[in-house]
Amino acid sequence: ATEDSAVYSTTANLDHLERYSATLNFPLNLGKRMTGYAGVNVFHNQYLSQYLGSTYRNGRTAATFYAQSNVKLPQGLSLEVSGYYQTAGVNGLINFRGFGALNLGVQKSLLNERATFRLTLNDALFSAKQRGTVRYQDLDVRFLSYGESRQLRVSISYKLGNAQMKAARKRT
């Protein structure tokens, strides 16, 4: 195949998959200004199948690391950082390389906290690209797959209504 050739994929069930996993989550709270969480999911996929006339055996242990943190700053500002990293692993016939994403955001409260301005950047490093290989029998495929994951978003929200009426309703 040439670099310009198209590859079409179809789904087929493999006979047997054993998957073991363990997850650990924990808070990332440092005083009143920083809140968040982090965690890891470690898993092992082991495939054994009769496929395309021979025995397919493949297995690997992989992990997903993730975290999210909010930091409150003076003058109604806050920052948010989040992200994940998926280590290399196996999914069916696909052996994939590690990938991840880093997301950043800033938020500012305005007009006595009735309005909020947000600016966020998803996949700041443009690293949420999936790369991998399929090598089995006569198949020898390398691939790169990614979408428009880097996105810059601006939003402004405003709270309508009377805040004093809402407080009075809570008291009753």
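Structure's up top.
Our subject in this report is the structure included herewith. (Residues numbered from 1 in each chain as written. Predicted model: local features only at pLDDT ≥ 70, side-chain atom pairs only at ≥ 80, totals over all residues. Heavy atoms only, no water.)

## What to know about the sheet that holds strand E10 (residues 139-145)
Step number 1: Read from one edge to the other, the open sheet built from four strands follows the order E5-E6-E9-E10, with strand pairing classed as antiparallel. Since the sheet does not close on itself, it has two edges, and those belong to strand E5 (89-91) and E10, each with one partner. Put simply, the sheet's adjacent strands are angled 25° from each other on average, direction ignored.
Step number 2: In this structure, strand E9 (residues 130-136) lies alongside E10, joined through seven bridges in antiparallel fashion. Looking at E10, one finds that Arg 131 is bridged to Leu 144. (Pairing = 2+ DSSP bridges. Helix = DSSP H or I, 4+ residues; strand = E, 2+ residues; numbered from the N terminus. Axes fitted to C-alpha atoms, helices over the stretch in contact; angles between N-to-C directions.)

## Here we look at the pattern of salt bridges
Step number 1: Scanning the model with the defined rule gives one salt bridge in all.
Step number 2: Across the salt bridge formed by Asp 140 and Arg 135, the nearest N and O atoms sit 3.0 Å from each other.
Step number 3: For Arg 135, a relative accessible area of 51% puts it in the exposed group. (Salt bridge = Lys/Arg side-chain N within 4 Å of Asp/Glu carboxyl O. Buried < 20%, exposed > 50% of the residue type's maximum accessible area, 1.4 Å probe, protein only.)

## Focus: the pairing of strand E4 (residues 77-86)
Where a strand is regular, its side chains alternate between the two sheet faces.
Step number 1: Bridge count between strand E3 (residues 54-72) and E4: nine bridges; the pairing is antiparallel. Within E4, the residue paired with Ser 69 across the bridge is Val 81.
Step number 2: Between E3 and E4, which pair antiparallel in sequence order, lie four residues; one of them, Gln 75, sits at a positive phi of approximately 65°.
Step number 3: One ladder, built from 10 bridges, connects E4 with strand E7 (residues 99-110); its direction is antiparallel.

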